[in-house]
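An overview of the molecular structure
Chain by chain, the residues:
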Amino acid sequence: MERVILHSDMNGFYASVECLYNPAIRDKPVAVGGDPESRHGIILAKNEIAKKFNIKTGEALWQALQKCPDLVIVRPHFERYLEFATLARNIYYEYTDQVEPFGLDEAWLDVSGSTRLFGPGVSIANQIRKRIRKELGITASVGVSWNKVFAKLGSDMKKPDATTYIDKDNYQEKVWPLPVSDLLYIGPATTRKLNRLGIYTIGELAHLDPKTMRRWFGKVGYLLWSYANGTDSSIVSAANAPIDIKSIGNSTTTPRNLETLDDVRITFTLLSESVAARLRSHRLLCNTIQIYIRDHTLFSFERQLKLPVATQLATEIAAAALNLFQTNYPGLGVAGSDVKPLRSLGVRACNLERETKWQQLCLFPEEQRRLDLMVLEHTIDSIRSRFGHSAIARGLMLTDRRLSKTNPREHIIHPPAWLRGSI
């Protein structure tokens, strides 16, 4: 039986939801932007009217306003978007239990086993679009194909509120003329490299010798070649499938520049507490800590450190992050230093392993301190789960109310593991 894969993409999702809550802006160019006061001053999403002014996701608010002075910029309400994403997925689950989210507004559905109940793939796609429009008040574009890559390409081809069918008879006509950058997992850097090699369309990539792609890009090169030729066989994960978490991390753009080591210590502590709490909730330990640093000129880099002992303690994660920072970015806040103030920081726990009942203990007295810290941090988790994140805080947070008010749970990162599993 040939697979029937759908990819549903809700159009201008954030902006569409905001227009529902404020009908007065529905017929105006609307963009959901960051908070300028907290320096999250970029475009997160835009509606179809704003797209006509070439407003782009990720550009600064001032750039967008230069293109469209009448642009209505709305601050994001992520709790609303989570609610609508859940409602959409509940619709998907009525057609199949194989639903794999790809961000809040996108999802793959494998409806191969549902066609006898609900009709062919195109019919199911149209039913889903109609229900999203009627029940949620927003629109979606749906791609239908026999594999995930072409289904996603289909959902991107016609917007808003359209169904695109790509089958084995028409994919060369529909897919191969598209720019190679439209293919899943081909980003700007790979696009530039392919263009330098004379590859501009998906069809030109598909006609390459796979050995050539592997020589140029390694294993990923062969994978991209297979995507272009429609031979992707990756499965759509079931709704209850366990998540393969590769790493857990948080990053944030701070409400003001970080100019001293104490500023950095506060921010790393906030981020590390969130990372550690999620490590404990998933019963994971990390062996490596990675930090992300971006200064006020937007220059950024990452560094990582192997830990002597696997941990899920915020105290140890924060200490390792600060040590790594001081080693690679010395002189912050020191008089006469030309080190630039910082705009963003991030902490990531990598090289994860499962927490087990039996663990090797250290013979030295500091092991008891680690056990005491573990009990303490579990207690903090319990208090915060009952009374909110701000119910309890370290004394360090009282030294700068503006920096410490950031809720690190708003910056959760769970990197997708699909590409790795497809190689």
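Residues numbered from 1 in each chain as written. Predicted model: local features only at pLDDT ≥ 70, side-chain atom pairs only at ≥ 80, totals over all residues. Heavy atoms only, no water.

**Here we look at the overall build of the chain**
When helices and strands are tallied, the chain shows 17 helices and 13 strands. A compact globule built from 423 residues would reach a C-alpha radius of gyration of about 22 Å, and the chain, at 24 Å, matches this within 12%. With the C-alpha coordinates aligned to their principal axes, the bounding extent of the chain is approximately 70 × 55 × 50 Å. Counting the 423 residues in the chain, one finds 47% classified as buried. Within the chain, residue pairs in contact and separated by at least 24 positions form 66% of the contacts whose partners lie at least 6 positions apart. If you sum the accessible surface of the chain, you get close to 21900 Å²; carbon and sulfur atoms cover 54% of it. Here the chain holds 55 positive side-chain charges and 45 negative ones, and the gap between their average locations is 1 Å. (Helix = DSSP H or I, 4+ residues; strand = E, 2+ residues; numbered from the N terminus. Rg over C-alpha atoms; globule rule 2.2 N^0.38 Å. Buried < 20%, exposed > 50% of the residue type's maximum accessible area, 1.4 Å probe, protein only. Contact = heavy atoms within 4.5 Å. Areas by Shrake-Rupley, 256 points an atom, 1.4 Å probe, with all protein chains shown as cover. Lys, Arg positive; Asp, Glu negative; His and termini not counted. Charge placed at Lys NZ, Arg CZ, Asp CG, Glu CD.)

**Side note on the packing of helix α9 (residues 188-196) against helix α11 (residues 210-217)**
One can describe the packing of α9 onto α11 by two numbers: an axis separation of 12 Å at closest approach and a directional angle of 125°. One way to sum up the angle between α9 and α11 is to call them oblique. Crossing hand, α9 versus α11: right-handed. Counting all contacts with α9, which are made through Thr190, Lys193 and Leu194, the residues of α11 involved are Met213, Trp216 and Phe217. Its residues assigned to classes, the contact of α9 with α11 comprises four nonpolar, one polar and one charged. (Axes fitted to C-alpha atoms, helices over the stretch in contact; angles between N-to-C directions. Parallel < 35°, antiparallel > 145°, perpendicular 65-115°, else oblique. Left-handed = near helix turned anticlockwise from the far one by under 90°. Nonpolar A, V, L, I, M, F, W, Y, C, P; charged D, E, K, R; others polar.)

**Focus on the pairing of strand β10 (residues 284-295)**
A large share of β10 lies buried, amounting to 10 of its 12 residues. Where β10 and strand β12 (residues 342-354) come together, 11 bridges link them in antiparallel fashion. Each residue of the ladder has a partner; that of Leu285, found in β12, is Glu353. With eight bridges joining them, β10 and strand β11 (residues 300-311) adopt antiparallel strand pairing. Across the sheet, residue Cys286 finds its bridge partner in β11, namely Thr311. If you look at the hairpin formed by β10 and β11, you'll find four residues sitting between the two strands, and Leu298 has a positive phi there, around 75°. (Pairing = 2+ DSSP bridges.)

**Focus on the packing of aromatic side chains**
The final tally for this structure, using the stated rule, is 17 aromatic pairs. For the pair Trp146 and Phe150, a centre-to-centre distance of 5.4 Å together with 90° between the ring planes defines the contact as edge-to-face. What makes Trp146 buried here is its relative accessible area of 11%. Cluster of aromatic residues (ring-pair linked, three or more members): Phe268, Phe299, Phe301, Phe325 and Tyr329. (Phe/Tyr/Trp six-rings, centres within 6.5 Å; stacked < 30°, edge-to-face > 60°.)

**Concerning the packing of helix α1 (residues 13-21) against helix α4 (residues 78-93)**
Contact pair α1 / α4: the axes reach a minimum separation of 10 Å and the direction vectors enclose 100°. Taken together, the axes of α1 and α4 are roughly perpendicular relative to one another. Counting all contacts with α1, which are made through Phe13, Tyr14, Val17, Glu18, Leu20 and Tyr21, the residues of α4 involved are Phe78, Arg80, Tyr81, Glu83, Phe84 and Ala85. Across the contact of α1 with α4, the residue classes break down as nine nonpolar, no polar and three charged.

**Some details on the sheet that holds strand β7 (residues 140-145)**
Sheet architecture is open: five strands sit in the order β5-β6-β1-β7-β8, paired in mixed fashion. What marks the edges here is a single partner per strand, and that holds for β5 (99-101) and β8 (163-165). For this sheet the average axis-to-axis angle between neighbouring strands, irrespective of direction, equals 15°. Examined bridge by bridge, strand β1 (residues 5-10) and β7 share six bridges and lie antiparallel to one another. Paired with Met10 across the bridge in β7 is Ala140.

**What about the environment of Thr269?**
As for its position among the elements, Thr269 is in helix α13 (residues 261-281). With sequence-adjacent residues up to four places away left out, Thr269 is seen in contact with Ala318, Arg394, Leu396 and Met397.

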